[in-house]
Amino acid sequence: MLFAALSLLLVTGISCRKSPASPTGLVTEKAMVVSAREEASAIGVEILREGGNAFDAMVATELALAVAYPYAGNLGGGGFMVYRKSNGDVGALDYREKAPLSATADMYLDSLGNVIPGLSTRGATAVGVPGTVAGVFEVHEKMGSLPLEKLLEPVIALAERGVIVTENQENRLERYRDQIIEISGEETFFFTKCRVGDTLKYPSLANTLRRIKNNGRDEFYKGETAKKLAAFIQERGGYLTEEDLAKYQAVWRQPVIFNYKDLRIISMSPPSSGGVTINQIFKMIEPYDIGDYEHNSGEAIQLLTESFRRAYADRNFYLGDPDFVEIPLDFLLKEDYLHQRMSDFTFDKATKSESVSHGTVEILESAETTHYSIVDEMGNAVSVTTTLNGAYGSKLYCDELGFFLNNEMDDFSSKPGTPNMFGLIGAEANSIAPEKRMLSSMTPTIVEKDGKLWLVVGTPGGSTIITAVAQTILNTYEFNLSMQEAVEAPRFHHQWLPDYIIFEPDGFPEETKEFLRSKGYLINEERTPVIGKVDAIRILPDGRMEGGADPRGDDTAVGY
């Protein structure tokens, strides 16, 4: 009798478990790249077809984005990569920019100790030491399989052949054209207005890439390119020197790894705040079974908002470059601590951010980043987020070398307690110091389910990155959406301070907002930005892959 009852329970349990959502995005059998531009995805896939692995494809895709997507793709910026090899080995690479050797904690302050507007955001004074070229060489040296020349050839060909301007690209260039001209001068490549259908060719960038192909990593950090780059920045009053470039190294990091129910989530560690903060969010909501609520219902939004609020309060206060500050990760990621953080949460009313410590700092960070996800035939996966920080970075374009420079110095706390260009307020942990890496929200993430590769996910979006990645994973896992549906679903954001929820435009019914207002939540009706452009891959039960390419941009999945 007992055996029969147990059998019935087992059968009932199995039948109640949701079967995975049918795919609605591109489905391929063997390999896939999803990125911000079709040209970059196609070059990554071309490398995979020719026998390259995911790490080879990463090198080609990263550099192709510098050509096809100069808004955020770059040689003059930096990023993070999280990987999972087919044998289950995982790791992370930090090729985030660094502060120059001459940097000081008060370098952006006037004689009265106030932040000088624009000094950390525009032009040569905003530029940190770029890490992208070091990052791709580090990946290739450790895990690549094809010769570097083979990876660079299609990228150089793309720069010479040119990229067709899309409507999104025309709009972006028009929006920032005056700023680019103001910083880079009227002789700049981007002086001429670009229209949809125009072809943008980059001969200077092709020459730079060709020198890197011929001379290797040292070309960018010690060779002719380094000399030209340092001279260019110093002529314009910046801090970057040849010595800064020569000393730059990418760093291998241990990723943040944690479980959420039967998922194993592998995400980026500091100086990215992504992995730690998303770990806190998932552990805070885990006891509540968010999947019992409707997708994007008032209750689900409440629960996530309260976990976002608490996690961001910790993020802003404790996190920074682990090579410079002691980060109490054991304390911050303890389940007891996280359960205690939610102990005053109730569905009856909103918690006020002023009552949530650490209540002295606020964050704002550039949304103009880019992400790509890759899975190869062998089952290797990479999740990569890279950035110049602001749109077209510092707006400083080096015409001789063919790329924009970052304005990553603004991601430090120029003055602890004072907001940066995106309203993020930082603490001492993220203060400026020579050779220190600035804190970031970039959250490249890989998810295993039942011990197997399941999701590769990430997004641009500044301080909204972490909440967008969390929602995308939950959309797929808890609310049973396909990968494409999970990426397309409307998103919301809360970051502790300012104490309001931001909703994407037209994505949420008025009655849901009214429900939240009745509980005491503040909603920002004025600023309703696009939140992230998620590019993700889901492994289906039969081993095929479904791409999720975000329609908020020109993002495209390509595979075979």
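Residues numbered from 1 in each chain as written. Predicted model: local features only at pLDDT ≥ 70, side-chain atom pairs only at ≥ 80, totals over all residues. Heavy atoms only, no water.

> Give a detailed account of the domain arrangement of the protein, specifying residues and quantitative values.
Assigned domains of the protein: these are domain 1 (35-252 + 372-436) and domain 2 (254-366 + 443-559). Each partner contributes residues to the interface: domain 1 has 51 residues there, and domain 2 has 46 residues. Roughly 3700 Å² of surface becomes buried between domain 1 and domain 2 when both sides are summed, with 64% attributable to carbon and sulfur atoms. Among the salt bridges present, the one from Glu-448 reaches Arg-84, with a minimum N-O distance of 2.7 Å. (Domains from an automatic or database assignment. Contact = heavy atoms within 4.5 Å. Buried area = accessible area lost by both parts, 1.4 Å probe. Salt bridge = Lys/Arg side-chain N within 4 Å of Asp/Glu carboxyl O.)

> For the nonpolar core, give the residues involved together with the corresponding values.
Formed by 85 residues in total, the largest nonpolar core has its most connected members in Met-58 and Leu-75. Counting residues per element, this core draws most heavily on helix α3 (residues 54-68), at 12 residues. In contact with Met-58, other than residues within four places in its own chain, are Met-81, Tyr-95, Val-136, Val-139, Tyr-372, Ile-374, Val-382 and Val-384. Counting residues in hydrophobic clusters, the runner-up holds 79 residues, among them Val-325, Ile-465, Val-487 and Phe-503. (Core = buried A, V, L, I, M, F, W, Y, C linked by side-chain atoms within 4.5 Å. Buried < 20%, exposed > 50% of the residue type's maximum accessible area, 1.4 Å probe, protein only. Helix = DSSP H or I, 4+ residues; strand = E, 2+ residues; numbered from the N terminus.)

> Explain the pairing of strand β4 (residues 90-95) to me, using residue names and the numbers behind them.
For β4, the tally of buried residues reaches six of six residues, placing the bulk of the element in the interior. Taking every second residue as pointing to the same face, both faces of β4 are buried, with Val-90, Ala-92 and Asp-94 on one and Gly-91, Leu-93 and Tyr-95 on the other. With six bridges connecting them, strand β3 (residues 78-84) and β4 associate as antiparallel partners. Across the sheet, the residue bridging to Arg-84 is Val-90, located in β4. What sits between β3 and β4 in their antiparallel hairpin is a turn of five residues, with Gly-88 showing a positive phi close to 95 degrees. Relative to strand β7 (residues 251-253), β4 runs antiparallel, the two sharing three bridges. (Pairing = 2+ DSSP bridges.)

> Got a sec to walk through the packing of helix α11 (residues 274-285) against helix α15 (residues 465-477)? Specific residues and values, please.
For the pair α11 and α15, the least separation of the axes is 10 Å and the interaxial angle reads 50 degrees. The angle between the axes of α11 and α15 places the two elements in the oblique class. Read as a crossing pair, α11 and α15 show a hand that is right-handed. Here Gly-274, Thr-277, Ile-278, Ile-281, Phe-282 and Ile-285 of α11 lie close against α15, whose contacting residues are Ile-466, Val-469, Ala-470, Ile-473 and Leu-474. Here the contact of α11 with α15 is composed, by residue class, of nine nonpolar, two polar and no charged. (Axes fitted to C-alpha atoms, helices over the stretch in contact; angles between N-to-C directions. Parallel < 35°, antiparallel > 145°, perpendicular 65-115°, else oblique. Left-handed = near helix turned anticlockwise from the far one by under 90°. Nonpolar A, V, L, I, M, F, W, Y, C, P; charged D, E, K, R; others polar.)

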